[in-house]
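# Structural characterization, general
The chain contents come next:
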Amino acid sequence: MKHIIILIFCFFLILCLISYYCQKKNIYKNIYKNIIDNILYLFNINPSCMNFKNLKPKFSIDIVYSWAGESFSNNIRSSYNNELKYSLRSIYKFLPWVNHIYIIVNNRNIIPSWFNNNYKKHITMISEGEIFPSLEYIPNKNSNAIESCLHRIPQLSEHFIYLNDDFFIGCKLDYTYFFTEDGKAIVSDKVNYPIKINKKRNQMKLPLTIRGFYSHTPYSYIKSQCKLFEEKYKDYYHFIRKTKNRKGIGCNVCKDMVCPCQQVHGPIHIFMKSNDKVITRIEPFNSCSYRFFNHKNINNLNKLLKRPETTFCINDTEVNKDKRKENLKITQEFFDKMYPELPPWEK
């Protein structure tokens, strides 16, 4: 036992020395950091969750969600399982520096049932009619179309972070996890390898995109850059917004373009990078933590209590109708353990 303890100590000492050398020399810093982070992950250690300094942002940072409402059903794509309620709790618990929260819904009169009368101090409900530039695009259930209009939210701060309602923050993070101190957005290094959207000659002016789907994590944005992107690629945005319903992952509308042809996160971040408004970060293999849960692995949720992750997503994949109610109960118990603190907007 004594020898094992010594070996473990030596192992971590070597990791610390490698990390220190890489930072001092600034050689392949991100690559080595990624390797070390992933090794530490095997020992239930998340370095990103150990660096919180409670820094005060030098600029306002808002949070934006898109939300379909409270619809409990057996449809795994549209059913609501209290994700937004606890995602908001994760913001309240772990991102104390957030300025304001905006939630995009089909109708501004859609208010979460658990909100109290004071929620407007912290959260603003936004209808899609307030952000789409023309009535021809609404009503719209295409998430890609809605995400192309985030920067059009009235009163939105210059710096904002976009989350789906099933995204969660797993530990306390400083604003510098999402933005640099001088206001650049921190994004996935996938933007370093752009490709063309169109496979063949296309009359529409198209931006560059990433290969495959973007990381399923919170996205950092700069509003003025999003506006410039829209001005440059007006026809592309019209193509996205006129698609009011998305089928599956949306490949059916791509035709002579690579799929996903309407997901805007990658193209916008590539555009921002060309304007020197981002820095990139190599994502550890666990960074997305895109977890698919059904009755076969639902109990794995408790692992997140033992080893908090920076950000994670819980995706409902249970197709067995008889198991859905039990899964919802287990998920609810996990959420209550992970996020027991009531924010000021809850009843």
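All of the points below concern the structure found in this document. Residue numbers here run from 1 along each chain, matching the order of that chain's written sequence. Local features in a predicted model are, by the rule used here, given only for residues with pLDDT of at least 70; side-chain atom pairs are given and counted only at 80 or more, and totals for whole chains, interfaces and linings are based on all residues. Values reported for side chains reflect all heavy atoms of the structure, with hydrogen atoms and water molecules removed beforehand.

Once that is clear, we can look at helix H6 (residues 234–241). Those residues of H6 lying buried are Tyr 236, Tyr 237, Phe 239, Ile 240 and Arg 241. Contact partners of the buried residues in H6: helix H4 (143–147), helix H5 (223–232) and helix H7 (265–274). To sort residues, take the accessible area from a 1.4 Å probe on protein chains only and compare it with the maximum for the residue type: under 20% means buried, over 50% means exposed, and anything in between is partly exposed. A helix here means a DSSP run of H or I that spans at least four residues, while a strand means a run of E at least two residues long, and both kinds are numbered starting from the N terminus. In what follows, a contact means two residues having at least one pair of non-hydrogen atoms within 4.5 Å.

Its place among the elements puts His 100 in the loop between helix H3 (83–94) and strand S2 (101–105). By relative accessible area, His 100 is classed as buried at 13%. Pairs of N or O atoms within 3.5 Å make up the polar contacts considered here, provided that, within protein, one atom can donate a hydrogen while the other can accept it, and that residues adjacent in sequence are counted only when both atoms are side-chain atoms. A polar contact of 3.2 Å, which involves the side chain of His 100, links it to the backbone oxygen of His 122. Polar side-chain contacts of His 100 include one of 2.7 Å to the side chain of Thr 124. Contact partners of His 100, with chain neighbours within four places excluded, come to Ile 61, Asp 62, Ile 63, Lys 120, Lys 121, His 122, Ile 123 and Thr 124.

The relation between two aromatic rings is expressed through the spacing of the ring centres and the mutual angle of the planes. Pairs were defined over the aromatic rings of Phe, Tyr and Trp, the Trp ring being its six-membered one, requiring ring centres within 6.5 Å. Orientation was assigned from the angle between planes: stacked under 30 degrees, edge-to-face over 60, tilted for the rest. One pass over the full model with this rule turns up 24 aromatic pairs. On the basis of an interplanar angle of 35° and a centroid distance of 5.1 Å, the ring pair of Phe 168 and Phe 335 is categorised as tilted. In this pair, Phe 168 sits in strand S5 (residues 167–169) while Phe 335 sits in helix H9 (residues 321–338), placing the two residues 167 residues apart along the sequence. Take Phe 168 and Phe 335: they sit in the same class, and that class is buried.

What follows deals with the pattern of salt bridges. Opposite charge on two side chains permits them to pair, given that their charged atoms come into close proximity. Put simply, a salt bridge is a Lys or Arg side-chain nitrogen that is within 4 Å of an Asp or Glu carboxyl oxygen. For the structure on display, the rule yields seven salt bridges. Across the pair Arg 108 and Glu 130 runs a salt bridge whose closest N-O atoms are separated by 3.2 Å. Remark: Glu 130 occurs in the loop between strand S3 (123–127) and H4 and Arg 108 occurs in the loop between S2 and S3; sequence separation between them is 22 residues. The class of Arg 108 is partly exposed, set by a relative accessible area of 42%. Taking the shortest distance from any N to any O, the salt bridge between Glu 230 and Arg 241 comes out at 2.8 Å. With a gap of 11 residues between them, Glu 230 in helix H5 and Arg 241 in helix H6 connect regions that are remote in the sequence. Beyond isolated ion pairs, a larger network of salt bridges with shared partners links Arg 152, Glu 230 and Arg 241.

Okay, the pairing of strand S9 (residues 219–222) next. Of the two faces of S9, both are covered, the one formed by Tyr 219 and Tyr 221 as well as the one formed by Ser 220 and Ile 222. Whether two strands pair comes down to DSSP finding at least two bridges between them. In the sheet, strand S4 (residues 159–164) pairs with S9 via four bridges, with the strands oriented antiparallel. Residue pairing in the sheet places Tyr 162 in a bridge with Tyr 219 of S9.

Turning our attention to the environment of Arg 201. Inspection of the secondary structure assignment puts Arg 201 in the loop between strand S7 (195–196) and strand S8 (208–209). Take Arg 201: its relative accessible area is 84%, and that puts it in the exposed class. On a C-alpha basis, the gap between Arg 201 and Met 257 in space is 9.7 Å, while along the polypeptide they are 56 residues apart.

What follows is about the state of the cysteines. Cysteine sulfurs are considered disulfide-paired once they come within 2.5 Å of each other. Throughout the structure, instances matching the rule amount to three disulfides. In this model, Cys 251 is linked to Cys 259 through a disulfide, with the two sulfur atoms separated by 1.9 Å. Negative torsions about the S-S bond denote left-handed disulfides, and the value of about -80° found for Cys 251 with Cys 259 makes this one left-handed. Residue class for Cys 251 comes out partly exposed when judged on its relative accessible area of 32%. Along the protein, the cysteines engaged in disulfide bonds are linked according to the scheme 1-2, 3-5, 4-6 when indexed in sequence order.

To define axes, lines are fitted to C-alpha atoms, for helices over the stretch in contact only, and angles between the resulting N-to-C directions are given on a 0 to 180 degree scale. H9 packs onto H3 with a crossing angle of 15° between their chain directions and a minimal axis gap of 10 Å. With respect to H9, the axis of H3 lies roughly parallel. By crossing handedness, the relation of H3 to H9 is classed as left-handed. Of H9, the residues touching H3 (which contributes Tyr 86, Arg 89 and Lys 93) are Gln 332, Phe 335, Asp 336 and Met 338. Residues of the contact of H3 with H9, tallied by class, amount to three nonpolar, one polar and three charged. Throughout this description, any angle smaller than 35 degrees is read as roughly parallel, any larger than 145 degrees as roughly antiparallel, any in the 65 to 115 degree range as roughly perpendicular, and the remainder as oblique. Handedness of a crossing is defined here by the sense of rotation of the near helix relative to the far one, left-handed for an anticlockwise turn of less than a right angle and right-handed for a clockwise turn. Charged residues are taken to be Asp, Glu, Lys and Arg, nonpolar residues to be Ala, Val, Leu, Ile, Met, Phe, Trp, Tyr, Cys and Pro, and polar residues to be all remaining types, Gly included.

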